[in-house]
Amino acid sequence: MAASLSSYGFQTASPASWQRWRAAASAVEEVEIRVCVNRSCGRQGSRETLAVLSALAPTGVAVTSCGCLGRCGAGPNLAVLPAGFLVGHCGTAARATQLLADLCGSAFDPQRNLEAFTLRKKGENELEKGNAAEAEALLSQV
Ligand code: FES
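Below: a short report on this structure.

The rules behind each value
- Residues numbered from 1 in each chain as written.
- Predicted model: local features only at pLDDT ≥ 70, side-chain atom pairs only at ≥ 80, totals over all residues.
- Core = buried A, V, L, I, M, F, W, Y, C linked by C-beta atoms within 7 Å.
- Buried ≥ 20, exposed ≤ 12 C-beta atoms within 10 Å, placed from the backbone.
- Helix = DSSP H or I, 4+ residues; strand = E, 2+ residues; numbered from the N terminus.
- Contact = placed C-beta atoms within 7 Å.
- Pairing = 2+ DSSP bridges.
- Axes fitted to C-alpha atoms, helices over the stretch in contact; angles between N-to-C directions.

One finds Leu 53 and Leu 100 to be the most contacted residues of the largest nonpolar core, which totals 26 residues. Elements with a minimum of two residues in this core: strand E1 (31-36), helix H3 (46-56), strand E3 (78-81), strand E4 (85-87) and helix H4 (93-104). When residues in this core are grouped by element, the largest group, 7 residues, is from H4. When neighbours within four sequence positions are excluded, Leu 100 is seen to be in contact with Leu 53, Leu 56, Ala 57, Val 61, Phe 108 and Pro 110.

This is the structure:
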């Protein structure tokens, strides 16, 4: 189930524009998500958002960092290109994966990808602690 546009906080386009943009974006096959990592958004968790989006973005979706988008009070903020669609309050892994689902449609399962991301992070943490057996058990589930 796709989230409504208002669930992202603010937008520069109407829902009708969003639907037209989604159709156009699928035609060009290349979407870029720029995540603001400037001071205010960084304090609100944008680097974690960037990490989640970078890890889970499917082919055809590029994820990069950027500077201030001018909406500091509604961060973490990101811009979806080529339409220049701004998304605010994207500060959790669940919200980031839902954005990818909204952009990619049914080809992207947000729940499954979020679970895989969580398992991978737990596995990497266990590996850093030197718990190879636990890490392997977690990473083999991904
Ligand atoms: S710091 Fe991110 S929009 Fe200004």
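The next point concerns the sheet that holds E3. Two strands in a sheet stick together by hydrogen bonds in their backbones, pointing the same way (parallel) or opposite ways (antiparallel). One open sheet holds the 4 strands; their spatial order is E2-E1-E3-E4, and the pairing between them is mixed. The open sheet is flanked by strand E2 (61-66) and E4, the only strands paired with a single partner. Going from strand to strand, the sheet's axes swing by 25° on average, the running direction of each strand aside. Bridge count between E1 and E2: 6 bridges; the pairing is parallel.

Looking at the element boundaries, Gly 70 is found in the loop between E2 and E3. Measuring from C-alpha to C-alpha, the distance between Gly 70 and Cys 36 comes to 9.6 Å, with 34 residues separating the pair along the chain.

Looking now at the pairing of E3. Only one face of E3 is covered, namely the one carrying Leu 78 and Val 80; the face carrying Ala 79 and Leu 81 has none of its residues buried. Here 4 bridges tie E1 to E3, and the two strands are oriented antiparallel to one another. What sits directly across from Arg 34, in E3, is Ala 79. When E3 meets E4, the two strands line up antiparallel, connected through 3 bridges. Each residue of the ladder has a partner; that of Val 80, found in E4, is Phe 85. Between the end of E3 and the start of E4, which pair antiparallel, lie 3 residues, with Gly 84 showing a positive phi angle near 75°.

Along the polypeptide, Ala 62 turns up in strand E2. Classification of Ala 62 as partly exposed rests on a count of 14 C-beta atoms within 10 Å. Linking Ala 62 and Ile 33, residues 29 residues apart in sequence, is a C-alpha distance of 6.2 Å.

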